Amino acid sequence: MIRVRVVGVALDPAQQHVLLLSPLDAEVDGERVLPVWIGPQEAMSILVAIEGTASPRPLAHDLMTAMLGELSATVDRVEITHLEDGTFYARLVVDTPRGQRSFDARPSDAIALGARVDAPIWVADSVFAEAGVPDDGVELDPSPEEERVEEFRRFLDDVDPEDFQG
(Lines give C-alpha, C1' and ligand atoms only; values in the text may rest on other atoms or scores of the structure.)
Protein backbone atom coordinates (compact mmCIF):
# COMPACT_ATOMS: atom_id res chain seq x y z
CA MET A 1 0.00 0.00 0.00
CA ILE A 2 1.02 3.59 -0.62
CA ARG A 3 0.65 6.18 2.13
CA VAL A 4 -1.01 9.35 0.83
CA ARG A 5 -2.04 12.77 2.00
CA VAL A 6 -4.99 14.94 1.04
CA VAL A 7 -3.75 17.54 -1.42
CA GLY A 8 -7.09 19.28 -1.62
CA VAL A 9 -10.62 19.28 -2.89
CA ALA A 10 -11.40 20.76 -6.27
CA LEU A 11 -14.22 21.04 -8.77
CA ASP A 12 -13.84 19.22 -12.07
CA PRO A 13 -15.08 20.76 -15.34
CA ALA A 14 -18.52 19.22 -14.73
CA GLN A 15 -18.65 20.94 -11.30
CA GLN A 16 -18.26 17.64 -9.44
CA HIS A 17 -16.16 17.56 -6.27
CA VAL A 18 -12.85 15.73 -6.55
CA LEU A 19 -10.69 14.74 -3.59
CA LEU A 20 -7.02 14.67 -4.62
CA LEU A 21 -4.64 12.29 -2.85
CA SER A 22 -0.89 12.32 -3.37
CA PRO A 23 1.80 9.90 -2.15
CA LEU A 24 3.73 11.17 0.87
CA ASP A 25 6.88 9.86 -0.78
CA ALA A 26 7.00 11.17 -4.37
CA GLU A 27 9.57 8.51 -5.21
CA VAL A 28 6.98 5.79 -4.56
CA ASP A 29 4.77 6.61 -7.52
CA GLY A 30 6.38 9.61 -9.18
CA GLU A 31 4.41 12.77 -9.66
CA ARG A 32 0.93 11.27 -9.62
CA VAL A 33 -2.29 11.99 -7.77
CA LEU A 34 -5.36 9.89 -7.15
CA PRO A 35 -8.61 11.74 -7.93
CA VAL A 36 -11.63 10.45 -6.00
CA TRP A 37 -15.04 11.93 -6.83
CA ILE A 38 -17.12 12.72 -3.75
CA GLY A 39 -20.34 14.51 -2.84
CA PRO A 40 -20.55 18.17 -1.81
CA GLN A 41 -21.34 17.42 1.86
CA GLU A 42 -18.39 15.06 2.14
CA ALA A 43 -16.15 17.64 0.45
CA MET A 44 -17.23 20.25 2.99
CA SER A 45 -16.70 17.84 5.89
CA ILE A 46 -13.18 16.99 4.71
CA LEU A 47 -12.31 20.66 4.22
CA VAL A 48 -13.65 21.53 7.68
CA ALA A 49 -11.45 18.79 9.19
CA ILE A 50 -8.33 19.73 7.23
CA GLU A 51 -8.67 23.40 8.04
CA GLY A 52 -9.52 22.74 11.69
CA THR A 53 -12.74 24.75 11.53
CA ALA A 54 -14.90 24.34 14.62
CA SER A 55 -18.68 24.21 14.34
CA PRO A 56 -21.09 25.07 17.15
CA ARG A 57 -22.85 21.73 16.64
CA PRO A 58 -21.09 18.51 15.67
CA LEU A 59 -21.18 17.42 12.06
CA ALA A 60 -21.73 13.69 11.45
CA HIS A 61 -18.00 12.93 11.34
CA ASP A 62 -17.43 14.98 14.51
CA LEU A 63 -20.12 12.89 16.19
CA MET A 64 -18.41 9.68 15.07
CA THR A 65 -15.10 10.95 16.43
CA ALA A 66 -16.69 11.76 19.81
CA MET A 67 -18.41 8.38 19.95
CA LEU A 68 -15.16 6.54 19.23
CA GLY A 69 -13.46 8.49 22.00
CA GLU A 70 -16.21 7.69 24.50
CA LEU A 71 -15.91 4.02 23.57
CA SER A 72 -12.13 4.11 24.08
CA ALA A 73 -11.57 3.41 20.39
CA THR A 74 -9.18 5.14 18.01
CA VAL A 75 -8.87 5.25 14.25
CA ASP A 76 -5.70 3.39 13.34
CA ARG A 77 -5.81 4.06 9.60
CA VAL A 78 -7.88 4.59 6.49
CA GLU A 79 -7.37 2.20 3.58
CA ILE A 80 -8.64 2.64 0.05
CA THR A 81 -8.68 -1.02 -0.84
CA HIS A 82 -9.97 -1.49 -4.36
CA LEU A 83 -11.71 -0.01 -7.36
CA GLU A 84 -14.63 -1.78 -8.97
CA ASP A 85 -16.60 -0.45 -11.95
CA GLY A 86 -15.35 3.07 -11.27
CA THR A 87 -16.29 2.97 -7.57
CA PHE A 88 -13.63 3.25 -4.87
CA TYR A 89 -13.95 1.07 -1.78
CA ALA A 90 -12.41 1.80 1.59
CA ARG A 91 -11.94 0.34 5.01
CA LEU A 92 -11.65 2.15 8.33
CA VAL A 93 -9.38 0.29 10.76
CA VAL A 94 -10.21 1.03 14.39
CA ASP A 95 -8.40 -0.02 17.56
CA THR A 96 -10.87 -0.92 20.33
CA PRO A 97 -10.49 -2.33 23.84
CA ARG A 98 -11.52 -5.69 22.36
CA GLY A 99 -8.97 -5.56 19.56
CA GLN A 100 -8.68 -4.13 16.10
CA ARG A 101 -11.83 -3.92 13.98
CA SER A 102 -12.24 -3.10 10.29
CA PHE A 103 -15.30 -1.35 8.84
CA ASP A 104 -16.37 -1.05 5.22
CA ALA A 105 -16.75 2.66 4.40
CA ARG A 106 -17.01 5.11 1.55
CA PRO A 107 -13.59 6.68 1.01
CA SER A 108 -14.99 10.16 1.61
CA ASP A 109 -16.45 9.20 5.00
CA ALA A 110 -13.33 7.31 6.05
CA ILE A 111 -11.11 10.24 5.07
CA ALA A 112 -13.40 12.81 6.73
CA LEU A 113 -13.22 10.82 9.96
CA GLY A 114 -9.51 10.03 9.63
CA ALA A 115 -8.68 13.69 8.97
CA ARG A 116 -10.25 14.66 12.29
CA VAL A 117 -7.91 12.35 14.22
CA ASP A 118 -4.86 12.64 11.97
CA ALA A 119 -5.01 8.97 10.96
CA PRO A 120 -2.78 7.82 8.10
CA ILE A 121 -4.41 7.19 4.73
CA TRP A 122 -3.23 4.26 2.62
CA VAL A 123 -4.12 3.34 -0.96
CA ALA A 124 -3.69 -0.13 -2.44
CA ASP A 125 -0.92 -0.23 -5.06
CA SER A 126 -3.37 -1.67 -7.60
CA VAL A 127 -5.81 1.23 -7.06
CA PHE A 128 -3.10 3.82 -7.53
CA ALA A 129 -1.79 2.01 -10.60
CA GLU A 130 -5.25 1.88 -12.18
CA ALA A 131 -6.66 5.29 -11.24
CA GLY A 132 -3.64 7.51 -10.50
CA VAL A 133 -3.02 10.34 -12.97
CA PRO A 134 -0.03 12.64 -13.56
CA ASP A 135 -0.29 15.59 -11.22
CA ASP A 136 0.34 18.03 -14.05
CA GLY A 137 -2.87 16.72 -15.64
CA VAL A 138 -4.90 17.97 -12.69
CA GLU A 139 -5.35 21.64 -12.05
CA LEU A 140 -6.19 22.30 -8.43
CA ASP A 141 -8.14 25.50 -8.09
CA PRO A 142 -9.10 25.54 -4.44
CA SER A 143 -10.63 28.99 -4.54
CA PRO A 144 -14.26 27.86 -5.01
CA GLU A 145 -13.93 25.42 -2.11
CA GLU A 146 -12.10 27.90 0.08
CA GLU A 147 -14.91 30.37 -0.57
CA ARG A 148 -17.45 27.73 0.44
CA VAL A 149 -15.55 26.96 3.64
CA GLU A 150 -15.35 30.68 4.44
CA GLU A 151 -19.08 31.02 3.73
CA PHE A 152 -19.71 28.03 6.01
CA ARG A 153 -17.61 29.66 8.76
CA ARG A 154 -19.64 32.88 8.46
CA PHE A 155 -22.86 30.83 8.62
CA LEU A 156 -21.67 29.06 11.77
CA ASP A 157 -20.71 32.36 13.37
CA ASP A 158 -24.09 33.92 12.62
CA VAL A 159 -26.49 31.00 13.04
CA ASP A 160 -28.95 31.07 15.90
CA PRO A 161 -30.86 27.92 17.01
CA GLU A 162 -34.06 29.95 16.86
CA ASP A 163 -33.54 30.24 13.09
CA PHE A 164 -34.56 26.59 12.80
CA GLN A 165 -37.77 26.74 14.81
CA GLY A 166 -40.95 26.32 12.77
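Our subject is the structure listed above.
Definitions and cut-offs
- Along each chain, residue indices are assigned from 1 in the same order as the chain's sequence is written.
- Only residues with pLDDT of at least 70 are given local features in this predicted model, and only at 80 or more are side-chain atom pairs given and counted; all residues enter the totals for whole chains, interfaces and linings.
- For the side-chain quantities, the full set of heavy atoms in the structure was used; hydrogens and water were omitted.
- Should a side-chain nitrogen of Lys or Arg be within 4 Å of a carboxyl oxygen of Asp or Glu, the pair is scored as a salt bridge.
- Partly exposed describes any residue whose relative accessible area lies between the buried limit of under 20% and the exposed limit of over 50%, with all areas from a 1.4 Å probe on protein chains only and scaled to the type maximum.
- The term nonpolar core refers to a set of buried residues drawn from Ala, Val, Leu, Ile, Met, Phe, Trp, Tyr and Cys, joined through side-chain atoms within 4.5 Å.
- Any two residues having at least one pair of non-hydrogen atoms within 4.5 Å are treated as being in contact.
- The way it works is that DSSP assigns letters per residue, a run of H or I at least four long becomes a helix, a run of E at least two long becomes a strand, and they are numbered from the N terminus.
- Only the contacting stretch of a helix is used when fitting its axis, a line to C-alpha atoms as for every element, and angles between N-to-C directions run 0 to 180 degrees.
- Should an angle fall under 35 degrees it is taken as roughly parallel, and over 145 as roughly antiparallel, whereas 65 to 115 is taken as roughly perpendicular and any remaining angle as oblique.
- Two helices that cross are described as forming a left-handed crossing if the nearer one is turned anticlockwise from the farther one by less than a right angle, and a right-handed crossing if clockwise.
- Throughout this entry, Asp, Glu, Lys and Arg are counted as charged residues, while Ala, Val, Leu, Ile, Met, Phe, Trp, Tyr, Cys and Pro are counted as nonpolar. The remaining residues, Gly among them, count as polar.
- Strand pairing is assigned whenever DSSP detects at least two bridges linking the two strands.

Caption draft 1: Here's a closer look at the pattern of salt bridges. Per the counting criterion, the structure on display carries six salt bridges. The shortest N-O distance in the salt bridge between R77 and D76 comes to 2.4 Å. You can call D76 partly exposed: its relative accessible area is 27%. Of the charged contacts, one joins R77 and E79 as a salt bridge, the two residues approaching to 2.6 Å between their closest N and O atoms. Bridged by salt links that share partners, the residues D76, R77, E79 and R91 form one connected network.

Caption draft 2: Molecular detail of the nonpolar core. One finds L21 and L34 to be the most contacted residues of the largest nonpolar core, which totals 33 residues. In contact with L21, not counting residues within four places along its chain, are V4, R5, V6, V7, V33, L34, V36, I80, I111, V123 and F128.

Caption draft 3: Representation of helix α4 (residues 107–116). Summarising burial for α4: nine of the ten residues are buried, a large majority. Along α4, the positions that sit buried rather than exposed are P107, S108, D109, A110, I111, A112, L113, G114 and R116. A positive backbone phi angle near 60 degrees is found at D118, which sits one or two residues after α4.

Caption draft 4: Quick look at unusual backbone geometry. One non-glycine residue, S72, lies in positive phi territory at about 55 degrees. Within the element layout of this structure, S72 appears in the loop between α3 (60–70) and β4 (74–84). Exposure remark for S72: the relative accessible area of 52% places this residue in the exposed category. One non-glycine residue, D118, lies in the positive phi region at around 60 degrees. For D118, the position within the fold is in the loop between α4 and β7 (121–123).

Caption draft 5: Here's a closer look at the packing of helix α2 (residues 40–51) against α4. α4 packs onto α2 with a crossing angle of 15 degrees between their chain directions and a minimal axis gap of 8 Å. One way to sum up the angle between α2 and α4 is to call them roughly parallel. By crossing handedness, the relation of α2 to α4 is classed as left-handed. Counting all contacts with α2, which are made through E42, S45, I46, V48 and A49, the residues of α4 involved are S108, D109, I111, A112, A115 and R116. Across the contact of α2 with α4, the residue classes break down as six nonpolar, two polar and three charged.

Caption draft 6: Molecular detail of the sheet that holds β7. Pairing is mixed in the open sheet, where eight strands are placed in the order β6-β5-β4-β7-β1-β2-β3-β8. Of all the strands in the sheet, the pair left with one neighbour each is β6 (99–105) and β8 (133–134).

Caption draft 7: Focus on the pairing of strand β1 (residues 2–11). The pairing of β1 with β7 spans three bridges and is classified as antiparallel. Looking across to β7, one finds that V4 is bridged to I121. Of the strand pairs in this sheet, β1 and strand β2 (residues 17–23) are connected by seven bridges, and their pairing is antiparallel. Its bridge partner being in β2, V6 is matched across the sheet by L21.

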